[in-house]
Amino acid sequence: MSADANCIFCKIVAGQIPSRKVFEDEDLFAFHDIAPWAPVHFLIIPKLHIPSMAQVGPEHAALMGKIMTLAPQLAIEQGCRPYPEGGFRIVTNTGAEGGQEVHHLHVHVMGGPRPWLKG
Ligand code: AMP
């Protein structure tokens, strides 16, 4: 399915719910997380409504590749310091036991100084 009328992230893609947009192209949308866990925290989502990583298959390989190659570019643009001193964390929660709350596939990209992490 291309969009789910009940999905909050589909509504963000459609502009029906406001967001702080970081990036958009024909396949992907990225926006700041409304409740950041880190100084830099944004989400990258496919415009296509895929509920989670559990539904990803070989037909999504190019799309997933786009997400993963966009992440480091946007991380630097959003203020993460360069590797190796800086860097970022990528997280994709999947399903209830994976901690997923919004059931539209998304990649969290988090970075910036975080005093609770050593090293
Ligand atoms: P997850 O637990 O992996 O499903 O994460 C969902 C994330 O979406 C959480 O970090 C929320 O803070 C974030 N979120 C929920 N609603 C919005 C919204 N309207 N705009 C931006 N981020 C949101």
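Source: prediction; values computed, not measured. (Residues numbered from 1 in each chain as written. Predicted model: local features only at pLDDT ≥ 70, side-chain atom pairs only at ≥ 80, totals over all residues. Heavy atoms only, no water.)

1. What to know about the site of the ligand
Rule in force here: Here a residue is near a molecule or strand as soon as one of its heavy atoms is found within 4 Å of it. In protein, a polar contact requires one atom able to donate a hydrogen and another able to accept it; more generally it is a pair of N or O atoms within 3.5 Å, and residues adjacent in sequence count only if both atoms are side-chain atoms. Per-residue and other accessible areas were derived by the Shrake-Rupley procedure at a 1.4 Å probe size, with only the shown protein chains allowed to occlude residues. The secondary structure listing takes helices from DSSP runs of H or I that are at least 4 residues long and strands from runs of E that are at least 2 residues long, numbered from the N terminus.
Taken together, the neighbourhood of the ligand is formed by 17 residues, with Asp33, Asn93, Glu101, His106 and His108 sitting nearest. Contact distances for the ligand include 2.5 Å between an oxygen atom and a side-chain N or O atom of Asp33. The contact in question runs from an oxygen atom of the ligand to an N or O atom on the backbone of Glu101, over 2.7 Å. Protein burial of the ligand: of its 510 Å² of free accessible surface, 88% is covered by the chains. Within the residue set of the shell around the ligand, elements represented by two or more residues are α1 (8–13) and β2 (28–32). By residue number, the principal contributor to the shell around the ligand is α1, which donates three residues.

2. A look at the pattern of salt bridges
Heads up, the condition is: For salt bridges, the criterion is a side-chain nitrogen of Lys or Arg within 4 Å of an Asp or Glu carboxyl oxygen.
Applying the stated criterion to the full structure yields five salt bridges. Close ionic contact of Lys21 with Glu24 constitutes a salt bridge, the shortest N to O distance being 2.7 Å. Each of Asp25, Glu26, Asp27 and Lys66 takes part in a single network of salt bridges with overlapping partners.

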